[in-house]
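What the coordinates show
Listed below are the residues making up each chain.
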Amino acid sequence: MSRIKEKFNQLRTKKESALISYIMAGYPSEKSTLAAVRGLIQGGTDIIELGFPFSDPIADGPTIQKASTESLNSGTKIDNFFSIVKKIRKESEIPLVLMTYTNILYNQTYQKFISRAKQAGIDGLILPDMAIEESKEYVKAAKKIGMDTIFLVSPNTEKDRLKQIIKSTSGFLYMVAVFGTTGVQTKIHKYTIDALKNTKNAAKGKIPVGVGFGISTEKDVQKYVSSGADAVIVGSANIKIIENTPANKVQTRIATFTKKLKSKTR
Amino acid sequence: MKIGIPKDGRFGDFGGKYIPETLAPAIEELEKNYLKIRNDKSFKRELGQLLIDYAGRPTPIYFAKNLTKTVGGAKIYLKREDLLHGGAHKINNTLGQALLAKRMGKKRIIAETGAGQHGVATAMACASLGLKAEIYMGHVDTIRQKQNVFRMELLGAKVHAVKSGSKTLKDAINEAMRDWITNVDSTYYLLGSAVGPHPYPLMVRDFQAVIGKEIKKQMKKIPNAVIACVGGGSNAIGTFYPLIDTKAKIIGIEAGGKGVKTKLHSAPLTAGKKGVLHGMMTYLMQDKDGQISETHSISAGLDYPGVGPEHAYLKDQKRVEYKAVTDDEVIDAFLILTRTEGIIPALESAHAIAHAIKISKKMKKTESIVVTLSGRGDKDIDIVKEYMTKNVKNKRKI
């Protein structure tokens, strides 16, 4: 069983939702990434989503764009990324998900990249520009290697398409909360709550549904969990903390923030 | 060779729609509407009339006898897209898409622009059809093409200077896509080149194919060679597509910058690798990890790390030959054409001229070359002046 599936099974028996925490690898340095990871684990997050920067992140808002650019400028390469993952694996068995863009995988071939990722200790992949129509080869390679393919759905995804996406999804389904890019929002829209209900219905309990984009406060987490989300994904808010915190305090600040969010998933 | 409508949005391996899920319904709606309107008589009539009365079609084909004489070789003909309203071929596409947007009931139009020509053409089409235009332009480009920024503003468009990434065309496309993701219901994204997710490459090719269709009609016989410059590749695919099934040798010219052996160029077909960017699979300039490389060209309009998927296909099929010329060769061609014919070409188009000069020497005098002169060069005179001041060794001084 994949680490992700196992985690959701455990949480289900405890009647908890998952907190999924995103950070950008190599931002602002490898050292601070490891500190942040330790903080996330300490704070009790359930799954860590590691971003690998891409030069042209069209689904990301200003915060993650900036982190991508700075990570690339500081010299983050695929090789560094996998070495970070291996270091995390020495310390923890927490499920690790990689979020990046299609070209990063395609460049090395899906097969080769996914094998390397699996070997390093990655459990699932999120590619925001991988549309279901284009995903056949990618999903095939991932299945063979035993890597979860986490697809995104949007509040405007139609019913039939939703079904099709669910078929190709493993690990969990990532529902984008807003029309827009990643980043902090101030309001929870009614259309998101409606979409969450529809998506949960379509998933029929076979695959957990996570909500992400624009989630940054305890209140947000509570609202989505009480509306039925199996997981909430917090990203830009973590990046902002890392951005504004001296390196030696990243771990404790991330841990404190994560602990607060996690308490709302129970 | 028949291409027509690409199956599943793909030209062989190339194209497709690699897009965030939020855009999927919008792309589907666009595809449905476009395929319907593509054969709609009233749409064709309305667009055809606008192209005549508003844009100034058909454009002439001009025998450049002085240039031909100076170079010595095959007869060089120029397809004068520079004479269109706005000074470039871009208006062929913006009128088509703006009309489509209007029929789809979209009131807000967004677009990206490199040199500013597509932005200006979008602003003009929107002004004339009563639509609101917002244009994304790389910060670097807003400086090197500042005159076009003001032109767009005069025409009523709002210009957003994009300061992320390399601050050029590719980043303007990223930002336009982010806007579209955020305002997907109300907004029509009017892409300016034959790039992006399906159906854009098809749609832009169809609207630009008027260039090649006219060439076919205007030339007494099929030319021996046809040449156009390729950035994203819209004037080139419009020129080439109607001539694909003829015997003409077809050549696309990329921006070789400081040379394709250096990193300072924008020639993905000549020196790139297959990959995925801006919703399409195509040839891209990228590094070992798949990060998109920063590009260089003296012409902002060709300064792009990717290329339209149909070009990638035509390259692999060996139907079209793709070559690159350097900035130096471009300036030289710019000056030769200006002096011999009194025509100031856009630096983009001067790439095609440079290659025509190269090959016409080796061809027979009875043979003919058609070069698509995609735009006029008024926007570029400051760049040329600066280049000539810095490169005093350039043979052709004023």
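Look up: the structure comes first, before these words.
Now for a description of the structure that goes with this document. (Residues numbered from 1 in each chain as written. Chains lettered and ligands numbered in written order. Predicted model: local features only at pLDDT ≥ 70, side-chain atom pairs only at ≥ 80, totals over all residues. Heavy atoms only, no water.)

Describing the overall build of chain A
Rules: Under the scheme used here, helices are H or I runs from DSSP no shorter than 4 residues and strands are E runs no shorter than 2 residues, and both carry numbers assigned from the N terminus. Put simply, the radius of gyration uses C-alpha atoms, and a globule should come to 2.2 Å times the residue count raised to 0.38. Contact between two residues is taken to exist if any of their heavy atoms lie within 4.5 Å; hydrogens are not considered. Calculation of accessible area relied on Shrake-Rupley with a 1.4 Å probe; when residues are assessed, cover is drawn exclusively from the protein chains displayed. His is not counted, nor are the chain ends, whereas Lys and Arg count as positive and Asp and Glu as negative. The atom standing in for a charge is NZ when the residue is Lys, CZ when it is Arg, CG when it is Asp and CD when it is Glu.
Within chain A, the regular secondary structure consists of 12 helices and 9 strands. Taken over the C-alpha trace, chain A has a radius of gyration of 17 Å; the compact-globule value for 266 residues is 18 Å, and the two agree within 12%. Long-range contacts, defined here as pairs at least 24 residues apart, represent 72% of the contacts in chain A between residues at least 6 apart. In the form shown here, chain A has an accessible surface area of approximately 10,900 Å², with 50% of it arising from carbon and sulfur atoms. For chain A, the centre of its 41 positive side-chain charges and the centre of its 24 negative side-chain charges are spaced 5 Å apart.

Some thoughts on the interface of chain A and chain B
Accessible area lost when the parts come together is the quantity often used to give the size of an interface. The test is simple: Buried surface area refers to the total accessible area, computed with a probe of radius 1.4 Å, that the two partners give up upon joining, counted for both partners together. A side-chain nitrogen of Lys or Arg and a carboxyl oxygen of Asp or Glu constitute a salt bridge if their distance falls within 4 Å.
The interface is formed by 37 residues belonging to chain A together with 35 residues belonging to chain B. Considering only the surface of chain A that becomes buried against chain B, Ile58, Asn107 and Glu134 of chain A emerge as the three largest contributors, covering 23% of it. Taken together, the links from chain A to chain B amount to 3 salt bridges. Between Lys170 of chain B and Asp56 of chain A there is a salt bridge, and its shortest N-O distance comes to 2.9 Å.

Points about the sheet that holds strand E6 (residues 152-153) of chain A
Residue and element names in this part refer to chain A. Defined as follows: Whether two strands pair comes down to DSSP finding at least two bridges between them. Each axis is a line fitted through C-alpha atoms, and for a helix only the stretch in contact is used; angles between axes span 0 to 180 degrees, taken between their N-to-C directions.
Pairing in this open sheet of 9 strands is parallel, and the strands run E5-E4-E3-E2-E1-E9-E8-E7-E6 from one edge to the other. Where the open sheet ends on each side, the last strands, each with one partner, are strand E5 (148-150) and E6. Here 3 bridges tie strand E3 (residues 96-99) to strand E4 (residues 124-126), and the two strands are oriented parallel to one another. Opposite Leu98, over in E4, you have Leu125 as the bridge partner. Where helix H11 (residues 236-243) meets the sheet, its contacts fall on strand E1 (18-24) and strand E9 (231-234), and the angle it forms with E1 comes to roughly 50 degrees.

Some points on the nonpolar core
Worth spelling out the cut-off: In this description, a nonpolar core means a group of buried Ala, Val, Leu, Ile, Met, Phe, Trp, Tyr and Cys residues linked to one another through side-chain atoms lying within 4.5 Å. In this scheme, a residue with accessible area under 20% of its type's maximum is buried, one over 50% is exposed, and one in between is partly exposed, where area comes from a 1.4 Å probe on protein chains only.
Ile114, Tyr138 and Phe172 of chain A are the most contacted members of the largest nonpolar core, which has 192 residues in total. Membership of the second largest hydrophobic core comes to 39 residues, among which are Ala64, Ile76, Val325 and Ala333 of chain B.

Overview of the side chain of Glu49 of chain A
Residue and element names in this part refer to chain A. Along the polypeptide, Glu49 turns up in strand E2 (residues 47-51). Look at Glu49: it is buried, it has no salt bridge, and the nearest opposite charge is Arg89 at 14 Å. In contact with Glu49, other than residues within four places in its own chain, are Ile20, Ser21, Tyr22, Ile23, Val97, Met99, Ile126, Tyr174 and Ile233.

Some points on the sheet that holds strand E4 (residues 75-80) of chain B
Strands belonging to one sheet form pairs held by backbone hydrogen bonds; the direction of such a pair is parallel or antiparallel. Residues and elements named next belong to chain B. The 6 strands lie next to each other as E3-E4-E14-E9-E10-E13, forming an open sheet whose pairing is mixed. Either end of the sheet is taken by a strand with one partner, and the two such strands are strand E3 (61-63) and strand E13 (320-325). Strand-to-strand twist of the sheet, defined as the mean angle between neighbouring strand axes without regard to direction, takes the value 25 degrees. As defined by bridge partners, strand E9 (residues 225-229) adjoins strand E10 (residues 249-255) across 5 bridges and the pair is classed as parallel. Bridge pairing links Ala228 to Gly252 in E10. Contacting E3, E4, E13 and strand E14 (368-373), helix H14 (residues 327-341) crosses the sheet at an angle of about 95 degrees to E13.

Description of the pattern of salt bridges
All names here are of chain B. On inspection of all chains with the given rule, the structure shows 45 salt bridges over all chains. Arg144 serves as the salt-bridge partner of Asp141, at 2.8 Å between the closest nitrogen and oxygen. Linking Asp141 with Arg144, this pair stays in helix H6 (residues 139-144), spanning 3 residues, or about one helical turn. Classification of Asp141 as buried rests on a relative accessible area of 0%.

Points about helix H8 (residues 169-182) of chain B
In an α-helix, one full turn covers 3.6 residues, which means residues spaced three or four apart are oriented alike. Residue and element names in this part refer to chain B. This is how the line gets drawn: In a helix, the anticipated span is given by 1.5 Å times the number of residues less one.
Along its 14 residues, H8 runs 20 Å from first to last C-alpha, staying within 8% of the 20 Å computed at 1.5 Å per residue. Of all the 14 residues making up H8, 12 are buried; the element is thus mostly covered by neighbouring parts of the structure. Among the residues of H8, those classed as buried are Leu169, Lys170, Asp171, Ala172, Ile173, Asn174, Ala176, Met177, Arg178, Asp179, Trp180 and Ile181.

A closer look at helix H4 (residues 78-91) of chain A
Residues and elements named next belong to chain A. Quick note on the threshold: Directions are taken from the helix axis to each C-beta atom, and the arc is the one they span.
An ideal rise of 1.5 Å per residue puts 20 Å on 14 residues; H4 measures up with 21 Å between its terminal C-alpha atoms. Taken residue by residue, H4 has Ile78, Phe81, Phe82, Ile84, Val85, Ile88 and Arg89 as its buried positions. Within H4, the buried residues cover an arc of 155 degrees as seen down the axis, which keeps them to one side. Where H4 is buried, its residues contact helix H1 (3-14), helix H2 (30-43), E2, E3, helix H5 (102-108) and helix H6 (110-120).

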